[in-house]
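Residues per chain are reported as follows:
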Amino acid sequence: MPTKPIYLHGKTICGQESGFVGSENVSYSSIMRNREMGLIIHGQALQEIHQQFAEDWGHSELLSAWHPKHRSGGW
């Protein structure tokens, strides 16, 4: 996602019956000083996030801090 005109730094926390999608970090500054947003989700929206996570997890691969995978042109 381009950083201009908007930069999104989102987080998601999901449980079995509810979840949170928002921009907050768990810090005093983020919660008390910054302009942040977040949503509590339930029902179909929560199920869609669970399904997307399962699909993404299925495409993941194990990485090791001792033997990181090197990317061409990157880190």
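Residues numbered from 1 in each chain as written. Predicted model: local features only at pLDDT ≥ 70, side-chain atom pairs only at ≥ 80, totals over all residues. Heavy atoms only, no water.

Visitor: Explain the overall build of the protein to me, using residue names and the numbers behind them.
Guide: Regarding its fold elements, the protein presents 2 helices and 3 strands. Of the regular secondary structure in the protein, the N- to C-terminal order runs β-β-α-β-α. Looking at the protein as a whole, 9% of its 75 residues are labelled buried. Across the protein, the fraction of contacts at a sequence separation of at least 24, relative to all contacts at a separation of at least 6, is 27%. Element-wise, carbon and sulfur atoms account for 58% of the exposed surface of the protein, whose accessible area totals about 7,100 Å². (Helix = DSSP H or I, 4+ residues; strand = E, 2+ residues; numbered from the N terminus. Buried < 20%, exposed > 50% of the residue type's maximum accessible area, 1.4 Å probe, protein only. Contact = heavy atoms within 4.5 Å. Areas by Shrake-Rupley, 256 points an atom, 1.4 Å probe, with all protein chains shown as cover.)

Visitor: Tell me about the sheet that holds strand β2 (residues 19–22), residues and numbers included.
Guide: Taken together, the 3 strands give an open sheet; going across it, the order is β1-β2-β3, and neighbouring strands pair in antiparallel fashion. Unpaired on one side and paired on the other, β1 (11–14) and β3 (38–41) mark the two borders of the sheet. Averaged over all adjacent pairs, the angle separating strand axes in this sheet is 10°, with direction ignored. Inspection of the sheet shows β1 paired to β2 by 4 bridges, in the antiparallel sense. What sits directly across from Ile-13, in β2, is Phe-20. Packing against the sheet, helix α2 (residues 43–58) makes contact with β1, β2 and β3, and its axis sits at approximately 105° to β1. (Pairing = 2+ DSSP bridges. Axes fitted to C-alpha atoms, helices over the stretch in contact; angles between N-to-C directions.)

Visitor: How would you sum up the packing of aromatic side chains? Please name residues and give values.
Guide: This structure, assessed with the given rule, holds 1 aromatic pair. Geometrically, the ring pair formed by Phe-53 and Trp-57 is stacked, given 5.6 Å between the ring centres and 25° between the ring planes. Of this pair, Phe-53 and Trp-57 are both found in helix α2, 4 residues apart, which corresponds to roughly one turn of the helix. Taking relative accessible area as the criterion, Phe-53 reaches 53% and is therefore assigned exposed. (Phe/Tyr/Trp six-rings, centres within 6.5 Å; stacked < 30°, edge-to-face > 60°.)

All we've got here are geometric facts, nothing functional implied.
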